[in-house]
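# Working through the structure, step by step
Each chain, written out:
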Amino acid sequence: VYKRQQMKMIKIHRDQRGITLIEMLAVVVLIGLLTGGITATISQVLTINTRASNHMVAVRQVQQVSDRLSKDVPQAEVVVPDNGPSGLPLTLTWEDYETEDSYNVIYDLEGNTLLRSESVNNGDPIVSAVAEYIDPDPEKTNCDWKIGEKVLIFTVTATVGGESETRGVYKIKPRPGPL
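Heads up: these notes are all about the structure in this document. (Residues numbered from 1 in each chain as written. Predicted model: local features only at pLDDT ≥ 70, side-chain atom pairs only at ≥ 80, totals over all residues. Heavy atoms only, no water.)

## A word on the overall build of the protein
To be explicit about the condition: Numbering of helices and strands starts at the N terminus; helices are DSSP runs of H or I of at least 4 residues and strands are runs of E of at least 2. What makes two residues a contact is simply this: any of their non-hydrogen atoms within 4.5 Å. Using the Shrake-Rupley algorithm and a 1.4 Å probe, accessible areas are obtained, with residue cover drawn only from the displayed protein chains.
Of the regular secondary structure elements, the protein holds two helices and eight strands. Its helices and strands in sequence order give the protein the pattern α-α-β-β-β-β-β-β-β-β, from N to C terminus. Taking all contacts inside the protein whose residues are at least 6 apart in sequence as the whole, residues at least 24 apart take part in 40%. Here the protein displays about 12,100 Å² of accessible surface, and carbon together with sulfur accounts for 57% of that area.

## Remarks on the sheet that holds strand 5 (residues 126-131)
Condition: For two strands to be treated as a pair, DSSP must find at least two bridges joining them. Lines fitted to the C-alpha atoms define the axes, with helices restricted to the stretch that makes contact. Angles between their N-to-C directions range from 0 to 180 degrees.
Taken in spatial order, the five strands make up an open sheet running 1-2-3-4-5, and their pairing is antiparallel. The open sheet terminates on both sides in strands that have one partner only, identified here as strand 1 (78-81) and strand 5. Across the sheet, the mean angle separating the axes of adjacent strands is 20° when strand polarity is ignored. Bridge analysis of strand 1 against strand 2 (residues 90-95) gives four bridges, and the strand direction is antiparallel. Residue pairing across strands places valine 80 opposite threonine 91, the latter belonging to strand 2.

So, in structure tokens, the structure goes:
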């Protein structure tokens, strides 16, 4: 009886097949290819999302400059850009006809931040950041006052994580006055 069981077990082992080394290598290679493909896809999706996000931040920063300038410049009676290559700091002055308050607003770049300084009736200035990530290169961010046309031309570039957005040329006419 014992010999028969032993023979049966031997027979069972002989009939069973194991995995060969080549089959095992093929499975490992396939898993590696699938993992590499999935990793590359995820990496590409994350890179595209980061680039899109950086571009949207740059667009928003440039829009903020446009929004702020489009409120201040039309009120200005006097527009005085700096004589340097960028035209900044830019000084705008006007008087409010209703309150008779006089306003002095200065736009200037400090590093990559465009600042707006507002003083009412020659009081202490209130400084606020208009936009960040502004490219300080005078070729990319600048303003120019066209005396004959009485128009301010403002070009601004924001760069976030290698993604840039240039807007301008904003052409804004101030209100009529002693320009």
